[in-house]
Amino acid sequence: MGNLAKRVQAIAPFHVMAILNKAKMLQASGKDVIHLEVGEPDFVADESVAKSGIDAIQQRKTGYTSATGLPELKRAIALHYQKKYKTDVSPERIIVTPGASGALILLSSLMVDSGDNVLMPDPCYPCNRHFLVQVGAEAKLINTDASNQFAIELENLADYWDERTSGLWLASPANPTGAVLSQAYIEKAYEEVVRFGGHLMVDEIYQGLVYEGEDMTALSISEDIFVINSFSKYFAMTGWRLGWIVVPEWAIDGATKLAQNLFISAPTVSQYAAVQALESSVLDECERRRQRLNERRLYLLEGLARLGLPVVAPAQGAFYVFVDVSGITDNAMSWCLGLLEKYYVALTPGDDFGFYNSHKYVRFAYTCDEARLEEALLRIEAYITQES
């Protein structure tokens, strides 16, 4: 028997997997489980995108691409930034990766040394801190709460930055809160990070899925900001495993070298499909889906208000609502398990996203239609009544 690397012990499993595994068992036994836990809407890639992938296979376009991505895809991404966000991005700065996760692995290796730390808000997407473990670094989580919309108070950044701090990683729209950072906030964050001599990364994986606030890109602020994005969310291409990172010009050679060694290249068929995903007809469909998600968001917000469950972050984007359940339980994880076991509604406990007051919160994903959302709300109401 071998011994696992010590770094494995520092990586926590997803708490939601306990929920998901239980949900699958219940479904296998014939129960009608409503899934509001997984960050994947009930949409799939547009039919024309799927056809482009099939065409690539039939035309035997399945060999390796350049490590940084298909030139036509990089140009299409750059054109998308120019058309939608009025921001010029050189295609050479775009590195296409196996999902946004691949982009985060690349960034960790590119900008963070062993022994460094990176500042992040608590709560945040858990894998971000786990990627740092792989390079011998760590996340330094900064407590946030509803009073500041779960955003780091930048005027206090000096209290957390130390000699081992490499940078600051933010997300907008954010998982799990759905909050959207303003351009002014990101500008201030960049100013502070530059003052401390570090790097800033903005995770824009949910870009486009904005209902209130500013749908913008941090690339419009400075070419020295690292931005990560993905075809998974707005384009509904989760299983295609394709993302990208935009790096400053001075980081292109280093990022290319890492991409060559870490990935060889991103999935080729997915890249050909993604070129089609950036066509105007597909973008029009993505916009229609965004509008449907907004209708679901408003429906869920109204239902949660009816149940007296406080939404504690401005649900401005992505497809998440962050809810305070401390009025009915002191253990969100146990409450979520009980709800699933008794009423077959799956939610994500706050424990997955950080540590500070995480027992108080639950994330709802409005990834199914209004009829299912209404049924979920009725079941949650019955569970609350039963437990009170």
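Anything mentioned here points back to the structure above.
Structure report, in brief. Since the model is a prediction, treat every value here as computed from it, not as a measurement. (Residues numbered from 1 in each chain as written. Predicted model: local features only at pLDDT ≥ 70, side-chain atom pairs only at ≥ 80, totals over all residues. Heavy atoms only, no water.)

Notes on helix α10 (residues 280-307)
Helical geometry: 3.6 residues make up each α-helical turn, so side chains three or four residues apart lie on a common side. Taking 1.5 Å per residue, 28 residues should reach 40 Å; α10 reaches 41 Å between its end C-alpha atoms and fits that length. Looking at the residues trailing α10, positive phi occurs at Gly308, about 75°. (Helix = DSSP H or I, 4+ residues; strand = E, 2+ residues; numbered from the N terminus. Expected span 1.5 Å × (residues − 1).)

A word on the sheet that holds strand β7 (residues 226-230)
Overall, mixed pairing links the 7 strands, which are arranged β2-β8-β7-β6-β5-β3-β4 in an open sheet. In this open sheet, the two edge strands, each paired with only one partner strand, are β2 (94-97) and β4 (138-143). The sheet shows a mean angle of 25° between the axes of neighbouring strands, taken without regard to direction. Sheet topology note: the β2/strand β8 (residues 243-246) ladder contains 4 bridges and is antiparallel. Of the residues in β8, the one forming a bridge with Thr97 is Gly243. Contacts between helix α5 (residues 99-111) and the sheet are confined to β2, β5 (165-171), β6 (199-203), β7 and β8, with β7 contributing the most and set at about 160° to the helix. Against the sheet, helix α7 (residues 183-196) touches β5 and β6, its axis set at about 155° to β6. (Pairing = 2+ DSSP bridges. Axes fitted to C-alpha atoms, helices over the stretch in contact; angles between N-to-C directions. Contact = heavy atoms within 4.5 Å.)

Quick word on helix α8 (residues 252-262)
Along α8, the residues that are buried comprise Ile252, Ala255, Thr256 and Ala259. Viewed along the axis of α8, the buried residues span an arc of 100°, placing them on a single side of the element. Opposite the packed face of α8, turned more than 90 degrees from it, sit the exposed residues Asp253, Lys257 and Asn261. Those residues of α8 that are buried lie in contact with β2 and α5. Looking one or two residues beyond α8, the residue adopting positive phi is Ile264, at roughly 65°. (Buried < 20%, exposed > 50% of the residue type's maximum accessible area, 1.4 Å probe, protein only. Arc of directions from axis to C-beta.)

Re the pattern of salt bridges
The full count for this structure, using the stated rule, is 16 salt bridges. A salt bridge links Asp55 to Lys51; the shortest N-O distance between them is 3.0 Å. Of this pair, Asp55 and Lys51 both sit in helix α3 (residues 47-58), 4 residues apart, which is roughly one turn of the helix. Taking relative accessible area as the criterion, Asp55 reaches 21% and is therefore assigned partly exposed. Note that Arg297 and Glu212 form a salt bridge whose closest N and O atoms lie 3.2 Å from each other. Of this pair, Arg297 sits in helix α10 while Glu212 sits in the loop between β6 and β7, placing them 85 residues apart in sequence. (Salt bridge = Lys/Arg side-chain N within 4 Å of Asp/Glu carboxyl O.)

Focus: the packing of aromatic side chains
Scanning all chains against the criterion turns up 15 aromatic pairs. A centroid spacing of 5.5 Å and a plane angle of 80° characterise the contact between Phe150 and Phe322, whose relative ring orientation is edge-to-face. Of this pair, Phe150 sits in the loop between β4 and β5 while Phe322 sits in strand β9 (residues 320-324), and the two are 172 residues apart along the sequence. Given the relative accessible area of 6%, Phe150 is considered buried. Judged by its relative accessible area of 1%, Phe322 falls in the buried class. A centroid spacing of 5.1 Å and a plane angle of 50° characterise the contact between Phe231 and Phe235, whose relative ring orientation is tilted. Comparing Phe231 with Phe235, the two get one shared label, buried. Among the aromatic residues, those joined into a cluster by ring pairs are Tyr81, Tyr85, Phe231, Tyr234, Phe235 and Trp244. The ring of Phe196 has Arg195 lying over it, and the distance from NZ or CZ to the ring centre is 4.6 Å. (Phe/Tyr/Trp six-rings, centres within 6.5 Å; stacked < 30°, edge-to-face > 60°. Lys NZ or Arg CZ within 6 Å of the ring centre and 35° of its normal.)

Read these as layout, nothing more, since geometry by itself doesn't imply function.
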